[in-house]
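Chain residues, written in single-letter form:
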Amino acid sequence: MIPGLVGTGAQSLADPPGEVSAKTVGDMVSWGHRRGAFDLRRPLIMGVLNVTPDSFSDGGHYLDPEIAVERAAAMVAEGAGIVDIGGESTRPGAVPVDPAEEVARVVPVVRLLRSRLEVPVSIDTRRAEVARAALDAGADIVNDVSALRDPAMARVVAESGAGLVLMHMRGTPATMQDDPVYDDVASDVARELGSRLAVAQAAGIALERVVVDPGIGFGKTYSHNLELIARLDVLARLGRPILLGPSRKAFLGALLGGAPAAERAVATAAACVVGWLNGARIFRVHDVRTVWEALRVADAIRTATVQTA
Ligand code: HH2
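Computed from a predicted model, the values in this text were never measured in an experiment. (Residues numbered from 1 in each chain as written. Predicted model: local features only at pLDDT ≥ 70, side-chain atom pairs only at ≥ 80, totals over all residues. Heavy atoms only, no water.)

1. Quick word on the packing of aromatic side chains
Under the definition given, this model contains 2 aromatic pairs. Taking the centre distance of 6.5 Å and the plane angle of 65 degrees together, the rings of W276 and F283 count as edge-to-face. Like W276, the residue F283 is buried in the burial classification. (Phe/Tyr/Trp six-rings, centres within 6.5 Å; stacked < 30°, edge-to-face > 60°. Buried < 20%, exposed > 50% of the residue type's maximum accessible area, 1.4 Å probe, protein only.)

2. Side note on the nonpolar core
Core analysis: the biggest nonpolar cluster contains 76 residues, and L49, I85, L113, V142, L164, L166 and L235 have the highest contact counts within it. Top element by residues in this core is helix 6 (residues 185-202). It accounts for 7 residues. Core analysis: the second largest hydrophobic core is formed by 11 residues, W31, L44, I82 and I282 among them. (Core = buried A, V, L, I, M, F, W, Y, C linked by side-chain atoms within 4.5 Å. Helix = DSSP H or I, 4+ residues; strand = E, 2+ residues; numbered from the N terminus.)

3. A closer look at the site of the ligand
The ligand sits among 18 residues. The nearest are S55, S89, T90, D213 and K249. Within the backbone of F56, one N or O atom sits 2.9 Å away from an oxygen atom of the ligand. A distance of 2.8 Å separates an oxygen atom of the ligand from a polar side-chain atom of R284. Protein chains bury 98% of the 470 Å² of accessible surface belonging to the ligand in isolation. Structurally, the ligand is housed in the largest pocket. Taken together, the residues that form the shell around the ligand break down as 6 nonpolar, 7 polar and 5 charged. (Near = heavy atom within 4 Å. Polar contact = N/O pair within 3.5 Å; in protein donor to acceptor, adjacent residues only side chain to side chain. Areas by Shrake-Rupley, 256 points an atom, 1.4 Å probe, with all protein chains shown as cover. 1 Å grid on protein atoms, 1.4 Å probe; cavity = no way out; pocket = protein on both sides within 12 Å on 5 of 7 lines; lining within 4 Å. Sits in = over half its atoms within 2 Å of the grid points. Nonpolar A, V, L, I, M, F, W, Y, C, P; charged D, E, K, R; others polar.)

4. Things to note about the packing of helix 3 (residues 99-116) against helix 4 (residues 128-136)
Between helix 3 and helix 4, whose axes approach to 9 Å, the crossing angle comes to 20 degrees. On the basis of the axis angle, helix 3 is roughly parallel to helix 4. Helix-helix and strand crossings are classified by hand; for helix 3 and helix 4 the assignment is right-handed. In contact with P99, E102, V103, V106, V107 and V110 of helix 3, helix 4 contributes E129, V130, A133 and A134. Residues that form the contact of helix 3 with helix 4 fall into these classes: 8 nonpolar, no polar and 2 charged. (Axes fitted to C-alpha atoms, helices over the stretch in contact; angles between N-to-C directions. Parallel < 35°, antiparallel > 145°, perpendicular 65-115°, else oblique. Left-handed = near helix turned anticlockwise from the far one by under 90°. Contact = heavy atoms within 4.5 Å.)

Here you go:
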C-alpha cells in the first residue's frame, strides 16, 4: 500500500474523448478505501468468495463461515489483495434474494474474516442495508454491480469512507441477457458509467475511492464481452482505475467449445492478461493462483519493455 492518495478524479463528462493525461494516469494507480489505499502500479487480485447456495461456479461451497474464512486465507496466500464476499447470485436469470437473508449470509463471514485476517474485504451487494451491515462488521469496500441503483447506497458509501466499485449492467440479472443492444458497446458503457461516477461524486463520495468495471457478462453478448476487453482504453478515459471480472464466465466456456465453469481458469487468466495490457488494474477472479502467476509474468514483460524502450 502507498500512503496518501493522488489526484482528484475523473475527467469531466464534457471533456472530449482523447488521450489520458499524465495527471489522469496518476489518478489511476491508486485506489482508496476505509483503511488505506491500494498501489495499482502492480496488478491487484480480488478473490471471489460467494456465500450463496446458487452462484454459477461455486454456489454452496462456502456457506459455513469457518470454511469461507479458510477459503479466504487460501486466496490471500495465493496472491489475493482483496476478498470479495457476496451473498446473492447475480448470474443471468437469478431471482433477487431477500435483503435480511443476504445480511444473514454475509455478516458472520465478514466478522470472522476481519477477526482473523488483515486483508481488505469488499462486500458484493446491490442493497444499501446489506452494505451498511457488512461495513459495520468490518468491510472496507462496496462492490455494487448496480452502480448505486439503490437510492440509499451512495449515502452509505459516502458516510463510511468505503472504497466503491461501480459496475456497468443493463437491466437486472433476471432480464439483462434478453437481447442486449448497443450502438458502440465500449462508448456506451463508458458514457453510462460516467453518469454513475457523477452520481457518486454528487453524493459526496471522493472519486479517489471509486473504480469502474465494464460488467463482463452483465447485459452483454459474448462478442460485446470480447470487444470491451479489447477496448478498455475507451473506459480509461473516465480517469478512474478499471476492475475486470471475466472469471469463469460463459463467453470463455463458449470459446473453449463448452468447457464447464470449473475448467475455465486458464481462459480467465488469458482475459486478465490482455485486460492488464489494455489498462485494467484490478481482477476479480475465483482461480487466484493461476491468474496471479499469469499476471506476474505479463507485468514483468511489460515493465521490461517500458525500461528498455
Ligand atoms: N461478476 C459477478 C459478481 N460480481 N462484481 C464486479 N465488480 N464485477 C463482475 O464482473 C462481477 C461482480 C458474477 O460472478 P460470480 O460472483 O462468480 O457469480 P454469481 O453472481 O452467480 O454469484
